Amino acid sequence: MTGIDIANLLHEHGLQGALAVAGVVIGFLFMEVRKATERYLGLLERVVAVIEANKAAASDSAEALKDNERAVASLSMAIQTLARETEGEAREVRHGIAGLQTSANAVAEAIKDLIRGRA
């Protein structure tokens, strides 16, 4: 409906034509507002869904991070324990080697003594 059509309606039908036009315009605007509201609600629902998904993902990420922290702490303790045990075993090996060296020296001295005794 053009401006000329509206002017003709007003001219031909007076106040009743104006009210009819106003009713049509109000109806049209009401439908447009309703469509816009429906679009807005649809977008809002999608935004809420994304927020909820992000919230769940963040919660899962936080829990995974806590699990990783616990795992790192456990590994750290295990490494420290292993380092202590390895140091203890290394000490025992050094003592064992020193004992073997002492024994080898004693055997060498005994052999030298035997050789000297025969000579």
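Everything that follows concerns the structure shown earlier in this document.
(A) Quick peek at the overall build of the protein chain. Helix and strand content of the protein chain: 1 helix and 0 strands. For 119 residues, the compact-globule estimate of 2.2 N^0.38 gives 14 Å, and the protein chain exceeds it by more than 25% at 48 Å. Projected onto its principal axes, the C-alpha coordinates of the protein chain cover approximately 155 × 20 × 10 Å. Scored against the burial criterion, the 119 residues of the protein chain give a buried share of 3%. Of the accessible surface of the protein chain, which amounts to about 10,300 Å², a share of 66% is contributed by carbon and sulfur atoms. Across the protein chain, the centroid of the 13 positively charged side chains sits 11 Å from that of the 16 negatively charged ones.

(B) View of the environment of A56. Tracing the sequence through the fold places A56 in helix α1 (residues 3-118). Each C-alpha atom, one on A56 and one on E87, is 46 Å from the other, the two residues being 31 residues apart in sequence.

(C) Structural context of the pattern of salt bridges. Following the criterion strictly, the structure yields 8 salt bridges and no others. As a salt-bridge pair, K35 and E32 come within 3.8 Å of each other at their nearest N and O atoms. Of this pair, K35 and E32 both sit in helix α1, separated by 3 residues, roughly a single helical turn. By relative accessible area, K35 is classed as partly exposed at 41%. The closest approach of N and O atoms between E109 and K112, which form a salt bridge, is 3.8 Å. Of the two residues, E109 and K112 are both situated in helix α1; the distance of 3 residues between them amounts to about one turn of the helix. You can call E109 partly exposed: its relative accessible area is 39%. Owing to a relative accessible area of 42%, K112 belongs among the partly exposed residues under this scheme.

(D) How the structure looks around a nonpolar patch on the surface. Residues Y40, L41, L44, V47, V48 and I51 make up a contiguous nonpolar surface patch of roughly 540 Å² in combined accessible area. Looking at the element boundaries, Y40 is found in helix α1. Residue Y40 is classed as exposed on the basis of its relative accessible area of 53%.

(E) Structural context of the environment of I79. Among the secondary structure elements, I79 is positioned in helix α1. Judged by relative accessible area, which is 57%, I79 ranks as exposed.

What counts, and at which threshold
- Residues numbered from 1 in each chain as written.
- Predicted model: local features only at pLDDT ≥ 70, side-chain atom pairs only at ≥ 80, totals over all residues.
- Heavy atoms only, no water.
- Helix = DSSP H or I, 4+ residues; strand = E, 2+ residues; numbered from the N terminus.
- Rg over C-alpha atoms; globule rule 2.2 N^0.38 Å.
- Buried < 20%, exposed > 50% of the residue type's maximum accessible area, 1.4 Å probe, protein only.
- Areas by Shrake-Rupley, 256 points an atom, 1.4 Å probe, with all protein chains shown as cover.
- Lys, Arg positive; Asp, Glu negative; His and termini not counted.
- Charge placed at Lys NZ, Arg CZ, Asp CG, Glu CD.
- Salt bridge = Lys/Arg side-chain N within 4 Å of Asp/Glu carboxyl O.
- Patch = residues over 30% accessible without salt bridge, like charges linked within 9 Å, V, L, I, M, F, W, Y side chains within 5 Å.

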